[in-house]
Amino acid sequence: MSEQHIKHPVRVIVNGVARSGHAESRMLLSDFIRHELGATGTHVGCEHGVCGACTVQIDGIATRSCLCLASQVDGCDLRTVEGLGRENGTLSILQQMFKKHHALQCGFCTAGILMSAVDFLGRFTDPTEEQVRDMLSGHLCRCTGYTPIVEAILDVARQLNTEKTETLHA
Ligand code: FES
Ligand code: FES
């Protein structure tokens, strides 16, 4: 067997749970998450870093999983869209606001946008519309025209600033 087909163990924490799988050296993190871990909420669009659909968090930082190799995240803490809901099964404030503002239609882009939004709102607690749009410039959405997404994220920021106990993910 050639070196490139040898599978290496990869151990990660995914949404707070220890998981492991095997990956060839060239396997993309997006493929590892979907095919090896079975977490298909992370979507794959362009596979070359343009659309943002594959965005997950690696050690708390929003990252395009199609631009990482699975072997690079061994030992890391991953967050995917499956981990966004509350522990009691209800929607997080971010998910609720996307629903309220009709910020998704087909939903293909949504997982990636949500994962970027969590990172963004952790760093910009009182963002301007311009800052939200700047963050969204890293994501392609073919359906919504972006305005409902901007409104949803600004609404989350407003609510987090009045309701200090709410967290963005479980
Ligand atoms: S699939 Fe990763 S950025 Fe498009
Ligand atoms: S909701 Fe369809 S691509 Fe964004």
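Structure: above.
All values derive from a computational prediction rather than experimental measurement.

Draft legend 1. Structural view of the state of the cysteines. Tallied over the full model, the rule gives zero disulfides. Among the cysteines around Cys 68, which has no disulfide bond, Cys 66 carries the closest sulfur, lying 8.3 Å off.

Draft legend 2. Just the pattern of salt bridges, in detail. Summed over all chains, the structure comprises five salt bridges. Two residues, Lys 100 and Asp 155, come together in a salt bridge whose shortest N-O distance is 3.0 Å. Here Asp 155 lies in helix α5 (residues 147-162) and Lys 100 lies in helix α2 (residues 93-100), a separation of 55 residues in the sequence. Between Glu 129 and Arg 133 there is a salt bridge, with its nearest N and O atoms 2.9 Å apart. Here the residue Glu 129 and the residue Arg 133 both occupy positions in helix α4 (residues 129-136), the gap between them amounting to four residues, near one helical turn. With a relative accessible area of 35%, Arg 133 lands in the partly exposed category. Taken together, the salt bridges that share partners define one network made up of Lys 100, Asp 155 and Arg 158.

Draft legend 3. Representation of α4 in the model. All of the buried residues along α4 are Val 132, Met 135 and Leu 136. Along the long axis of α4, the arc covered by the buried residues comes to 100 degrees, so they all point the same way. Turned more than 90 degrees away from the buried face of α4, the exposed residues are Glu 130 and Asp 134. Lining the buried residues of α4 we find α3 (110-123) and α5.

Draft legend 4. Expanded view of the side chain of Ser 30. In this structure, Ser 30 sits in helix α1 (residues 29-36). Excluding residues within four positions of it along the chain, Ser 30 makes contact with Val 44, Cys 54, Ser 65 and Cys 66.

Draft legend 5. Spatial organisation of the environment of Lys 7. The topology assignment puts Lys 7 in strand β1 (residues 7-14). Aside from chain neighbours lying at most four places away, what touches Lys 7 is His 22, Ala 23 and Glu 24.

Draft legend 6. Region of interest: the environment of Gly 85. One can find Gly 85 in the loop between β5 (77-79) and α2. Since its relative accessible area comes to 23%, Gly 85 is described here as partly exposed.

Draft legend 7. Representation of the environment of Leu 160 in the model. Tracing the sequence through the fold places Leu 160 in helix α5. Here the alpha-carbon distance between Leu 160 and Leu 91, two residues 69 residues apart in the chain, equals 15 Å.

Draft legend 8. Region of interest: α3. Compared with an ideal rise of 1.5 Å per residue, which puts 14 residues at 20 Å, α3 spans 20 Å between its outermost C-alpha atoms and is within 8% of the ideal. The buried fraction of α3 amounts to 12 of the 14 residues, a majority that puts the element mostly inside the structure. Of all the positions in α3, only Thr 110, Ala 111, Gly 112, Ile 113, Leu 114, Met 115, Ser 116, Ala 117, Val 118, Asp 119, Phe 120 and Leu 121 are classed as buried. Where α3 is buried, its residues contact β3 (55-58), β4 (61-64), β5, α2, α4 and α5.

Draft legend 9. Structural view of the pairing of β3. Alternating positions in β3 separate into two faces, Thr 55 and Gln 57 on one and Val 56 and Ile 58 on the other, with burial throughout. In this structure, β3 lies alongside β4, joined through four bridges in antiparallel fashion. Paired with Val 56 across the strands is Thr 63, a residue of β4. For β3 and β5, the ladder comprises two bridges, and the chain directions are antiparallel. In the sheet register, Gln 57 faces β5, and the bridge partner there is Arg 79.

So, how was this worked out
- Residues numbered from 1 in each chain as written.
- Chains lettered and ligands numbered in written order.
- Predicted model: local features only at pLDDT ≥ 70, side-chain atom pairs only at ≥ 80, totals over all residues.
- Heavy atoms only, no water.
- Disulfide = S-S within 2.5 Å.
- Salt bridge = Lys/Arg side-chain N within 4 Å of Asp/Glu carboxyl O.
- Helix = DSSP H or I, 4+ residues; strand = E, 2+ residues; numbered from the N terminus.
- Buried < 20%, exposed > 50% of the residue type's maximum accessible area, 1.4 Å probe, protein only.
- Arc of directions from axis to C-beta.
- Contact = heavy atoms within 4.5 Å.
- Expected span 1.5 Å × (residues − 1).
- Pairing = 2+ DSSP bridges.

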